[in-house]
Amino acid sequence: MPLQFNSVKLFAGTGTRDLALKIADHYGKPLGQATLSRFSDGEFQPSYDETVRGCDVFIIQSTCQPNDNIMELLMMIDAAKRASAHYITAVVPYYGLARQDRKDKPRVAIGAKLIANLLQAAGIHRIMTMDLHAAQIQAFFDVPVDHLDASVIFVPYIKSLGLNNLTIASPDMGGSYRARTFAKFFNAEVVICDKRRKRANEIESMSIIGDVSGQDIVLIDDICDTAGTLSKAAALIMEKGARSVRAVCTHPVLSGKAYETIENSMLSELIVTDTIPLKRHSDKIRVLSTAPLFAKAIANVNEHGSISELFKV
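Residues numbered from 1 in each chain as written. Predicted model: local features only at pLDDT ≥ 70, side-chain atom pairs only at ≥ 80, totals over all residues. Heavy atoms only, no water.

A. Structural detail: the overall build of the chain. The secondary structure content of the chain amounts to 8 helices and 14 strands. Over its C-alpha atoms the chain spans a radius of gyration of 20 Å, differing by no more than 12% from the 20 Å that the globule rule assigns to 313 residues. Referenced to the eigenvectors of the C-alpha coordinate spread, the extents of the chain come out at roughly 60 × 50 × 35 Å. Across the 313 residues that make up the chain, the buried fraction comes to 53%. A separation of at least 24 residues holds for 62% of the contacts in the chain among residues at least 6 apart in sequence. (Helix = DSSP H or I, 4+ residues; strand = E, 2+ residues; numbered from the N terminus. Rg over C-alpha atoms; globule rule 2.2 N^0.38 Å. Buried < 20%, exposed > 50% of the residue type's maximum accessible area, 1.4 Å probe, protein only. Contact = heavy atoms within 4.5 Å.)

Below, the structure is given as structure tokens:
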């Protein structure tokens, strides 16, 4: 039976509208009506075309590029607050600037904290997101954070492939915890690709810690940006004697020449979610939808149910 709660209203920003439509469909309510008016100089103003007074409002928008997506989300939150919404939840499938979670060199901003401050200043009571680049970003908020885990989407798909010699790999040292957590679902071994960077998005060297010979390798990461790391890791893994290599990445940022890099790589497939809409089609990219999970999470929040129950595979 479709879920129906009269006090709940779902709205979408323009950056993630296709995903929002799927979430609304799984939830059992149509998206609320909103308009984004644009001025000739690029300025814009969102407005709600129906009342939100006393409602529990869920605003769905990933804060991927362009940065207008962040500003649009902030203004939709502000508009809902000023229209007397009872409770405002920002549903942010992809939390942009999450890679800026600390000062890793002098005189840099902590972008992830800044976005948290802005969202709270705009008026959110809660945030729902998926696979943050660093789990500690939850501590940047002084409101409840529902941190959804995409492994419940990926694990059944990987199991359906029937890989008898499965080994999980991390494309870098920083992702080793994520890879080990994923490997527990399969009782699989973990190997790690140790990379050194010259600068952002440019790898100087890479080596593999562990044995991949004769194995079907699944690389695990949260973000695929230029796909340079995954491509280099896949080539090195196959060179070391692996039977096959594929990659799982929650957020398909896919900037620059990422699509060409993936298509020319040794990856048999790149498995992603729809937290960020793809810019183009690729035969090597398989998209799994997050909509059912977000719809269930929204229902559980509204009914004061458990979110952690949704993470059981």
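That was the structure; now back to the text.
B. Region of interest: the environment of F140. Positionally, F140 belongs in the loop between β6 (126-130) and β7 (145-148). Note: C-alpha distance between F140 and A116 (24 residues apart in sequence) is 6.2 Å. Ignoring any residue separated from it by four or fewer positions in sequence, one finds F140 in contact with D101, I110, A112, K113, A116 and Q120.

C. Layout of the pattern of salt bridges. For the structure shown, the criterion picks out 14 salt bridges. Close ionic contact of K22 with D274 constitutes a salt bridge, the shortest N to O distance being 3.7 Å. With K22 in helix α1 (residues 17-27) and D274 in the loop between β13 (270-273) and β14 (285-288), the pair connects residues that are 252 residues apart, well separated along the chain. Look at K22 and you get partly exposed, because its relative accessible area is 40%. (Salt bridge = Lys/Arg side-chain N within 4 Å of Asp/Glu carboxyl O.)

D. Quick peek at the side chain of S282. Position of S282 relative to the elements: it lies in the loop between β13 and β14. In this structure S282 comes out as buried when scored by relative accessible area, which is 2%. Discounting residues that sit within four places of it in the chain, S282 has contacts with Y259 and E263.

E. Representation of the packing of helix α2 (residues 68-82) against helix α3 (residues 111-122). Close contact between α2 and α3 brings their axes to 8 Å; oriented N to C, the two are set at 25°. Overall, the two elements α2 and α3 adopt an arrangement that is roughly parallel. Of α3, the residues touching α2 (which contributes I70, L73, L74, I77, D78 and K81) are I115, L118, L119, A121 and A122. Partitioned by chemical class, the residues of the contact of α2 with α3 number 9 nonpolar, no polar and 2 charged. (Axes fitted to C-alpha atoms, helices over the stretch in contact; angles between N-to-C directions. Parallel < 35°, antiparallel > 145°, perpendicular 65-115°, else oblique. Nonpolar A, V, L, I, M, F, W, Y, C, P; charged D, E, K, R; others polar.)

F. The arrangement of the packing of aromatic side chains in detail. For the coordinates displayed, the defined rule picks out 4 aromatic pairs. Aromatic pair F11 and Y48: ring centres 4.6 Å apart, planes at 70°, arrangement edge-to-face. Linking F11 in strand β1 (residues 8-12) with Y48 in strand β3 (residues 44-48), this pair joins segments that are 37 residues apart in sequence. A connected cluster of aromatic rings, assembled from ring pairs, spans F182, F185 and F186. (Phe/Tyr/Trp six-rings, centres within 6.5 Å; stacked < 30°, edge-to-face > 60°.)

G. Geometry of the sheet that holds β6. Ordered in space as β1-β4-β5-β6-β7, the 5 strands form an open sheet in which the pairing is parallel. With partners counted over all chains shown, the strands left at the sheet margins are β1 and β7, one partner each. Within the sheet, the average angular offset between the axes of one strand and its neighbour, ignoring direction, is 15°. (Pairing = 2+ DSSP bridges.)

H. Examining the packing of α1 against helix α8 (residues 291-302) more closely. It is the contact of α1 with α8, at a shortest axis distance of 8 Å, that shows an interaxial angle of 55°. By the angle between their directions, the pair α1 and α8 is classed as oblique. As for the relative orientation of α1 and α8, their crossing is right-handed in sense. In this structure, α1 uses L19, K22, I23, H26 and Y27 to contact α8, whose residues at the interface are A291, P292, F294, A295, I298, A299 and N302. (Left-handed = near helix turned anticlockwise from the far one by under 90°.)

I. Structural detail: α8. With 12 residues, α8 should reach 16 Å at 1.5 Å per residue; the first-to-last C-alpha distance of 16 Å fits that figure. Within α8, 10 of the 12 residues are buried, leaving the element largely enclosed by the surrounding structure. Looking at α8, one finds that the buried residues are A291, L293, F294, A295, A297, I298, A299, N300, V301 and N302. One or two positions beyond α8, positive phi appears at H304, with a value near 60°. (Expected span 1.5 Å × (residues − 1).)

J. Expanded view of the pairing of β6. Counting buried positions along β6 yields 5 of 5 residues, so the element is predominantly enclosed. The alternating pattern of β6 places R126, M128 and M130 and I127 and T129 on opposite faces, both of which are buried. Summarising the sheet, strand β5 (residues 87-92) and β6 pair through 4 bridges and their orientation is parallel. When the bridges of β6 are listed, T89 appears paired with R126. With α3 bridging β5 and its parallel neighbour β6, the resulting β-α-β unit is right-handed. (Right-handed = clockwise from strand over helix to strand, strands pointing away.)

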